[in-house]
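# Structural overview for review
Listed below, chain by chain, are the residues.
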Amino acid sequence: MEISRFFSDGWHFEKVRCITEYDVFFDGSDSTGSIAMGSLGHIFKIDSHVLDIRHLPEDTEKTKQELLLEFINTYAGVSDDRLPPVPKGILKV
């Protein structure tokens, strides 16, 4: 997934590990192996599909977390929104 950055016009490809109620965690190089974005207020892209969570209408009933999970489920080819796809040969436990 591509995620916008706060202080630049650039995009970065990230492998999202976890989406909490207020944050997105992705693969990183620190001691824990993951880094937090700091918020859900970003623009997310999968292929040509875009979700801008920075400015949501007041009447939106879903949370930012629900919108992002639904976006990933719809456009990333994830069949079960609770689990990421597992490469062939790896057992889900």
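My aim in this report is to walk through the structure given alongside it, one point at a time. (Residues numbered from 1 in each chain as written. Predicted model: local features only at pLDDT ≥ 70, side-chain atom pairs only at ≥ 80, totals over all residues. Heavy atoms only, no water.)

### Details of the pattern of salt bridges
In this structure the tally under the stated criterion is two salt bridges. The closest approach of N and O atoms between R54 and D52, which form a salt bridge, is 3.0 Å. A residue is classified by how much of its surface remains accessible, and D52, at 28% relative accessible area, is partly exposed. Across the pair K62 and E70 runs a salt bridge, and its minimum N-O distance is 2.3 Å. Relative accessible area serves as the criterion here: at 38%, K62 is assigned to the partly exposed category. By relative accessible area, E70 is classed as partly exposed at 39%. (Salt bridge = Lys/Arg side-chain N within 4 Å of Asp/Glu carboxyl O. Buried < 20%, exposed > 50% of the residue type's maximum accessible area, 1.4 Å probe, protein only.)

### Regarding unusual backbone geometry
Here the phi dihedral of D47 falls at roughly 55 degrees; this positive angle occurs in a residue that is not glycine. By secondary structure assignment, the location of D47 is in the loop between β6 (43-46) and β7 (49-52). On the accessibility criterion, D47 (66% relative accessible area) is exposed. (Helix = DSSP H or I, 4+ residues; strand = E, 2+ residues; numbered from the N terminus.)

### Remarks on the nonpolar core
V24, L40, F44, I53, L68 and F71 are the most contacted members of the largest nonpolar core, which totals 13 residues. For this core, the secondary-structure elements that each account for two or more residues are β4 (24-27), β6 and α1 (64-75). Setting aside chain neighbours within four positions, we find V24 in contact with I3, V16, C18, I35, A36, M37, S39, L40, F44 and L68. (Core = buried A, V, L, I, M, F, W, Y, C linked by side-chain atoms within 4.5 Å. Contact = heavy atoms within 4.5 Å.)

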